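Inside the fold
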Amino acid sequence: MPFPLTPVLQTSMCFFSSMPPANASSFQFTPLLQTLVGGILAIIGAIVGSLITGYFLIKSHEKAEMERKRIEMFEKVFEEVYAPFQGIAEEIINQNKISNGDSAKVKRLIDDNKRFILMCPEDIKKEIGIIRENLEMENLGEAITRIETVKRKIDELIDKFVLKR
């Protein structure tokens, strides 16, 4: 035999509201209880809305902070690796040969800025490593080709970064 729920609810409503339901044959909220339930739901809705809004504000702030750090990191890598490399690469490409001085500049640039080179994209990082090996083995023809490749990739990266900003 199923338990009749409506009389229990009606009785509890009468007990808590101190007013009988409007129609004893059907369950309805009394105006006082209706106002109370509506107020409680409005407060709960405001709290939930505030929590959701706060969550998304925090997430957008974190995203902006990450973007700011990414820009700062790019600027450091640009100042320490990309800009000096572009200058040396321009000289090498214009001469179409690597002098001992240029070779020493490239090696020193790579050795002094290893931590910044680690922040470079994988393809640039790999090419710089190959350039270092070619300069050590005095394979200058291959080194010039790799330097041109890295210069082109750095130019593309800078163009993409400037367009996104």
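For the structure itself, look to the data block above.
Here is a short report on the structure shown in this document. (Residues numbered from 1 in each chain as written. Predicted model: local features only at pLDDT ≥ 70, side-chain atom pairs only at ≥ 80, totals over all residues. Heavy atoms only, no water.)

A word on the layout of surface pockets. The probe, sized like a water molecule, is rolled over the atoms to show the empty space still left. In this structure, the largest pocket spans a volume of roughly 190 Å³. For the lining of the largest pocket, the secondary-structure elements that each account for two or more residues are helix 2 (31-95) and helix 6 (140-164). The element that contributes the greatest number of residues to the lining of the largest pocket is helix 2, accounting for five residues. Considered class by class, the residues forming the lining of the largest pocket number nine nonpolar, no polar and three charged. (1 Å grid on protein atoms, 1.4 Å probe; cavity = no way out; pocket = protein on both sides within 12 Å on 5 of 7 lines; lining within 4 Å. Points joined across faces, edges and corners; volume = space filled by probe spheres on them. Helix = DSSP H or I, 4+ residues; strand = E, 2+ residues; numbered from the N terminus. Nonpolar A, V, L, I, M, F, W, Y, C, P; charged D, E, K, R; others polar.)

Counted according to the given criterion, the structure contains 14 salt bridges. The residue E91 makes a salt bridge to K105 at a minimum N-O spacing of 3.7 Å. Here E91 is found in helix 2, whereas its partner K105 is found in helix 3 (residues 100-112), with 14 residues between them in sequence. In this structure, the salt-bridge partner of E142 is R146, at a minimum N-O distance of 2.8 Å. Linking E142 with R146, this pair stays in helix 6, spanning four residues, or about one helical turn. Classification of E142 by relative accessible area gives partly exposed; the value is 30%. Salt bridges here are not isolated pairs; linked through shared partners, they connect K107, D111, R132 and E136. (Salt bridge = Lys/Arg side-chain N within 4 Å of Asp/Glu carboxyl O. Buried < 20%, exposed > 50% of the residue type's maximum accessible area, 1.4 Å probe, protein only.)

This next bit is on a nonpolar patch on the surface. Taken together, the side chains of L36, V37, I40, L41, I44, V48, I52, Y55 and F56 define a hydrophobic patch exposed on the protein surface, amounting to about 840 Å² of accessible area. Position of I52 among the secondary structure elements: in helix 2. (Patch = residues over 30% accessible without salt bridge, like charges linked within 9 Å, V, L, I, M, F, W, Y side chains within 5 Å. Areas by Shrake-Rupley, 256 points an atom, 1.4 Å probe, with all protein chains shown as cover.)

The contact between helix 2 and helix 3 brings their axes to 11 Å, and the two run at 160°. Between helix 2 and helix 3, the crossing angle belongs to the class labelled roughly antiparallel. Once helix 2 is placed against helix 3, the crossing between them reads as left-handed. Only D102, K105, V106 and L109 of helix 3 make contact with helix 2, whose side of the interface consists of E80, V81, P84, F85, I88, E91, I92 and Q95. Looking at the contact of helix 2 with helix 3 residue by residue, the classes come out as seven nonpolar, one polar and four charged. (Axes fitted to C-alpha atoms, helices over the stretch in contact; angles between N-to-C directions. Parallel < 35°, antiparallel > 145°, perpendicular 65-115°, else oblique. Left-handed = near helix turned anticlockwise from the far one by under 90°. Contact = heavy atoms within 4.5 Å.)

Locating I154 in the fold gives a position in helix 6. By relative accessible area, which is 0% here, I154 ends up buried. Each C-alpha atom of the pair I154 and Y82 lies 6.8 Å from the other, and the pair is 72 residues apart in sequence. The residues contacting I154, other than those within four sequence positions of it, are Y82, F85, Q86 and I124.

What follows concerns the packing of aromatic side chains. Under the defined criterion, the tally for this structure stands at three aromatic pairs. Of the aromatic side chains, those joined through ring pairs into one cluster are F74, F78 and Y82. (Phe/Tyr/Trp six-rings, centres within 6.5 Å; stacked < 30°, edge-to-face > 60°.)

What follows is about the nonpolar core. The biggest cluster of nonpolar side chains holds 27 residues, and the ones touching the most others in it are Y82, F85 and I131. For this core, the secondary structure elements donating two or more residues are helix 2, helix 3, helix 4 (114-117), helix 5 (122-136) and helix 6. Considering each element in turn, this core owes the most residues, nine residues, to helix 2. Every residue in contact with F85, bar those within four places of it in the chain, is listed here: L109, I131, I147, V150, K151 and I154. (Core = buried A, V, L, I, M, F, W, Y, C linked by side-chain atoms within 4.5 Å.)

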